[in-house]
2 protein chains.
Amino acid sequence: MNCAVVGVLGGGQLARMMALAGLSLGLRFKFLDPSSAACAAPLGEFVASGYDDPDGLSRFASCADVVTYEFENVPQNALYFVRQRVSIFPPPEALAVASDRLKEKTLFRKLDIPTPPFAAVSSRADLDIAMESLGLPAVLKTRSQGYDGKGQFVLQRKNDADAAWRQMKGAASILERYVEFDREVSLLAVRSKHGEIAFYPLSENEHQKGILHISRSRPGDVMEAAAQKHVRRLMDHLDYVGLLALEFFQAGECLLANEMAPRVHNSGHWTIEGAATSQFENHLRAGLGLPLGSTAPRGHAAMVNIIGLPPVSEKVLAVPGAKLHLYGKEPLPGRKTGHVTLVESTENDLEDGLRKILYAVNREEQCAQCVA
Amino acid sequence: MNCAVVGVLGGGQLARMMALAGLSLGLRFKFLDPSSAACAAPLGEFVASGYDDPDGLSRFASCADVVTYEFENVPQNALYFVRQRVSIFPPPEALAVASDRLKEKTLFRKLDIPTPPFAAVSSRADLDIAMESLGLPAVLKTRSQGYDGKGQFVLQRKNDADAAWRQMKGAASILERYVEFDREVSLLAVRSKHGEIAFYPLSENEHQKGILHISRSRPGDVMEAAAQKHVRRLMDHLDYVGLLALEFFQAGECLLANEMAPRVHNSGHWTIEGAATSQFENHLRAGLGLPLGSTAPRGHAAMVNIIGLPPVSEKVLAVPGAKLHLYGKEPLPGRKTGHVTLVESTENDLEDGLRKILYAVNREEQCAQCVA
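Keep in mind it's a predicted model, so treat the numbers as computed, not measured.

Colleague: Provide a residue-level description of the domain arrangement of chain A, including the pertinent values.
Modeller: Frequently, the measure chosen for interface size is the accessible area removed from exposure when the parts meet. Under the domain assignment used here, chain A contains domain 1 (5–88), domain 2 (117–177) and domain 3 (183–371). The straight-line distance from the C-alpha centre of domain 1 of chain A to that of domain 2 of chain A is 34 Å.

Next comes the structure, spelled out in structure tokens:
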């Protein structure tokens, strides 16, 4: 496998960081993405093609030794088409589950992984029945294609039902009871072809406007064992290979599974500096049948997402220990264009440094600078 | 500087690892190398050109915001040609010194940096005079173009003089008294445009057949202060910008400067995992006027070079903590094709792991596997 070629469906920052990890291992990369401006493109062979174009998919799959994907919205048909030519990890069945909120939560329940109460909604009438059985407030979500809080509507009162249903535009949906939670955490784990599983420490996640803002590693967290039990059951059931993230709401001492991502995940970007082996390297190791690397934490880590216009690099790098990652993407409002990581030996030092980083990436300030 | 373009003269593994560090910072890269098989080529825009081709050099320099180089044998004229178009770091004057062993050692002496006794040799007659004044054994070296022990001849007896001089093929040379040394160490340091200097811990280096085999980081080494004093004087004198390595022989409590490298250096590859900021990132930060990153060690680190055919990745990655770096180069005998790094919290753990790595990269064994 010394010079294996890895194909990645999707050419965004997850593909890019996977390639940066894999190039060090001597791997080569091939990307397929509809946009030739995809930020992973400069790091390997690039096929500009839609996911539904057999010709593009064929060109992509040729000469690849193994294929993976970097986001949930790859059409199932594309995966099955590619799988006829080359092996794919994680298993497309995991993607089929993850890309449909109803299938996903139904599987969680089947595996005794607690979730918020939910009900399928296929019509306006369904919505009334679901509201009645679950109670309000509740969140109406499209079953597929949603991310970063898109395709969601929070219902506070019965009167909100018409507006909520209109926003779904007739798409098959799911109503979920709104959960008062104490915090959001995610557990990242990697599973080898032989069924060996390595868990990263829990990530504790803060969102802003529906987009992940800060993730902190929580080595030795009290909820670790419970989260590991759920993730192990899920991975074993799916005969999973590669990295998986499972997001939870924590309410009291209870973890409620929110959603899974069958891929490398934003809440694990801190693993590049904050763990012995990054999520990107371990995902590749798993898919290539290589021994998994240690997931041991190197200290207390935190990651801050950069949304839109990147900050002035000088200001970020002036913060002692700050590691800057820019993805080379055109900055658009609400778009993830980079992140900053900090690893410290104590939580106090981490919080001190984090404050400086948040100040340095403050967008209003740096927007003014860029305009000036 | 968020999306600055860095030009690198030379497209080998040093350029490749520089790019892997810089791409994370959002930088883009351009390489010039005579060989289109150069292993950095896939990581940026590539100009296949000789170093003496003005057209190639012009294409290379266009659109680059800053230029650096990855080896000493870039012709001075190429640097001066490029400097008319774009700024270069480290200063070409440093390269002019480093690429000529006589100029280099003369400068060391001028700066009160001890060296082994030496004398210039331009003719067979010079060699006799030099042998007489320095004594034997001694090493005859070409003044320029030598690396990894090439272009060197060890003289044990006066009778060796004819053979030694023949091997120099009339090239301007230098005779150096052979030094009985206890160990070889190198100090890597990075200097900013403002004259700020950050030192890495000393590297202790073992060679095999003239090629670097193992480097170990030596945080808190007793010779650290003495080495730093020499490197500071050298960098300040050259008004240096970027990373520099200075190699020493240690004899008793005395450091004798052997040679400098005005670039990132093989004996600092362990900094990728073993220091807070790698030599590659700090070299770029310095050249781009960004704040230098911390050079603090993360523990005790060691690096093993891979020469020729790479080992089976599975075997290396099965060693706990081993980080594999393969350069994607065609394996030729004596050619550096990768390295493996290990970082541990104690020297004992490091030596234990190192033994396992050396076993895993054992070339005879893996050659047999590759043939099978």
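Colleague: Lay out the sheet that holds strand β6 (residues 138–142) of chain A with the relevant residues and their values.
Modeller: All names here are of chain A. Reading across the sheet, the 4 strands line up as β5-β8-β6-β7 and stay open at both edges, with antiparallel pairing between neighbours. Sheet topology places β5 (118–121) and β7 (152–155) at the edges, where each strand pairs with a single neighbour. Adjacent strand axes in the sheet meet at a mean angle of 20° when their direction is disregarded. Against the sheet, helix α6 (residues 124–134) touches β5, β6, β7 and β8 (173–177), its axis set at about 170° to β5.

Colleague: Which residues make up the relation of the copies chain B and chain A, and what values do they have?
Modeller: Taken as rigid bodies, chain B and chain A are interconverted by a rotation of 180° and an axial shift of 0.0 Å, the fit giving an RMSD of 0.0 Å. Taken together, the rotation angle and the small translation identify this as a two-fold axis. Identified as the residue of chain B closest to the rotation axis by C-alpha distance is B:Leu43, at 2.8 Å. A shared binding surface is used by both copies, with 100% of the interface residues of chain B retained as interface residues in chain A.

Colleague: I'd like a rundown of the interface of chain B and chain A, residues and numbers included.
Modeller: Counting residues at the interface gives 30 residues for chain B, matched by 30 residues for chain A. Taken over both partners, the interface formed by chain B and chain A buries close to 2600 Å², and the fraction arising from carbon and sulfur atoms is 51%. Inspection of the chain B/chain A interface yields 2 salt bridges. The partner of A:Lys323 in a salt bridge is B:Glu281, and the shortest N-O contact between them spans 3.2 Å. The interface formed by chain B and chain A includes 8 residue pairs in polar contact (both at pLDDT 80 or more). Of all the secondary-structure elements, those providing two or more residues to the side of chain B that touches chain A are α1 (13–24), α10 (279–287), α11 (313–317) and β16 (323–326) of chain B. Class assignment of the residues belonging to the side of chain B that touches chain A gives a composition of 17 nonpolar, 6 polar and 7 charged.

Criteria and cut-off values
- Residues numbered from 1 in each chain as written.
- Chains lettered and ligands numbered in written order.
- Predicted model: local features only at pLDDT ≥ 70, side-chain atom pairs only at ≥ 80, totals over all residues.
- Heavy atoms only, no water.
- Domains from an automatic or database assignment.
- Pairing = 2+ DSSP bridges.
- Helix = DSSP H or I, 4+ residues; strand = E, 2+ residues; numbered from the N terminus.
- Axes fitted to C-alpha atoms, helices over the stretch in contact; angles between N-to-C directions.
- Contact = heavy atoms within 4.5 Å.
- Least-squares fit on C-alpha atoms with pLDDT ≥ 70 in both.
- Buried area = accessible area lost by both parts, 1.4 Å probe.
- Salt bridge = Lys/Arg side-chain N within 4 Å of Asp/Glu carboxyl O.
- Polar contact = N/O pair within 3.5 Å; in protein donor to acceptor, adjacent residues only side chain to side chain.
- Nonpolar A, V, L, I, M, F, W, Y, C, P; charged D, E, K, R; others polar.

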